[in-house]
Amino acid sequence: MRGEHCVAGASILSAIALILLVFAHIGQISSGTLTNSIYMAEVNVEAYGNAVSNIANVTKITSGGLYDTSATDKLGTGKGLRQYYRWGLYNACGYQKNGKGVCNSTIFGYPMEPLSQIGADAPDKFAQQWVDIIPASGFKDNGMNHGLSRAGSLMIFVGSCLVAVAFIFGFIKARIFFLIAASCSGLGALLLLTGAAMWTSLIAKDAWIKATVVQFGAKLGIYTTAGASLYLVWVAFALVALSVLPYVVACCTFRRN
């Protein structure tokens, strides 16, 4: 296969991967229509109120006032839980059942700490209960969640940058630039793989509490799931990994006319 054909194939794979990564990166930067359904992880606490109600005979705390009914209250102000919490690479947002949401300030490598971040929304009378009712688990380990989410996001960011560099150098018709493109694609794929694996591991550890049962067989009602951003990163990794060989072949076989 001629080098020109190989580099064309590699460029197409890299371009598709970049488009997917752009969508993965914009998830949860706002609660708008385009970005609200794109996220790395979601914690659904819609059914948590049922668990609070089920143990009210013991705690003497009813579920009234647990959830915030205002669409404008900022997160972390103790005004009440949202039903859904979603984390992106740079932000986290809370959403009510009607789809209205509010987001935190965007920062690089926004950490996912569901125990403390969701707990900060709990009104005073529910704050200690939120901590006590959740068993020892990955969900309750703020340090692990913080470390894995920030490191994973950093890996994905750097990997995405390398994919962009590979795509650009792939258009320069010289062996040395095809070699640089191959190297960037290979390293970028490795970093995307590592970052996606960190997030996948984090979500799996946090999702364990879905099986937790409180009084009378009622579930705890906290469910952690992966979102579209994570799947986009996994697909992008596969495409970038596939682009490495064509870049290498182009580096070895390219001939100027």
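Parameters and conventions
Residues numbered from 1 in each chain as written. Predicted model: local features only at pLDDT ≥ 70, side-chain atom pairs only at ≥ 80, totals over all residues. Heavy atoms only, no water. Helix = DSSP H or I, 4+ residues; strand = E, 2+ residues; numbered from the N terminus. Areas by Shrake-Rupley, 256 points an atom, 1.4 Å probe, with all protein chains shown as cover. Lys, Arg positive; Asp, Glu negative; His and termini not counted. Charge placed at Lys NZ, Arg CZ, Asp CG, Glu CD. Disulfide = S-S within 2.5 Å. Salt bridge = Lys/Arg side-chain N within 4 Å of Asp/Glu carboxyl O.

- As recorded by an unreviewed UniProt entry, the protein carries the name Actin cortical patch SUR7/pH-response regulator pali and is attributed to Papiliotrema laurentii.

**A look at the overall build of the protein**
Step number 1: The helix and strand tally for the protein stands at eight helices and five strands.
Step number 2: When the helices and strands of the protein are read in sequence order from the N terminus, they spell out α-β-α-α-β-β-β-α-α-α-α-β-α.
Step number 3: Taking the principal axes of the C-alpha coordinates as reference, the protein spans close to 85 × 35 × 25 Å.
Step number 4: Carbon and sulfur atoms make up 67% of the accessible area of the protein, which totals about 11400 Å².
Step number 5: Here the protein carries 18 positive and 11 negative side-chain charges, and the mean point of each set is 11 Å from the other.

**Some details on the state of the cysteines**
In a disulfide, the sulfur atoms of two cysteines are held together by a covalent bond.
Step number 1: On inspection of all chains with the given rule, the structure shows one disulfide.
Step number 2: Two residues, Cys93 and Cys103, share a disulfide whose sulfurs are 1.9 Å apart. With the S-S dihedral at roughly 100°, the linkage between Cys93 and Cys103 falls on the right-handed side. Here the residue Cys93 occupies a position in strand S3 (residues 92-95), and Cys103 occupies one in strand S4 (residues 101-103), the gap between them amounting to ten residues.

**Remarks on the pattern of salt bridges**
Step number 1: Considering all chains together, one arrives at four salt bridges under this definition.
Step number 2: Here Arg86 and Glu42 are joined by a salt bridge, their closest N and O atoms 2.7 Å apart. One end of the pair, Arg86, is in strand S2 (residues 84-87); the other, Glu42, is in strand S1 (residues 41-44), with 44 residues separating them in the sequence.
Step number 3: When the shortest N-O distance is used, the salt bridge between Arg82 and Asp121 registers 3.8 Å.

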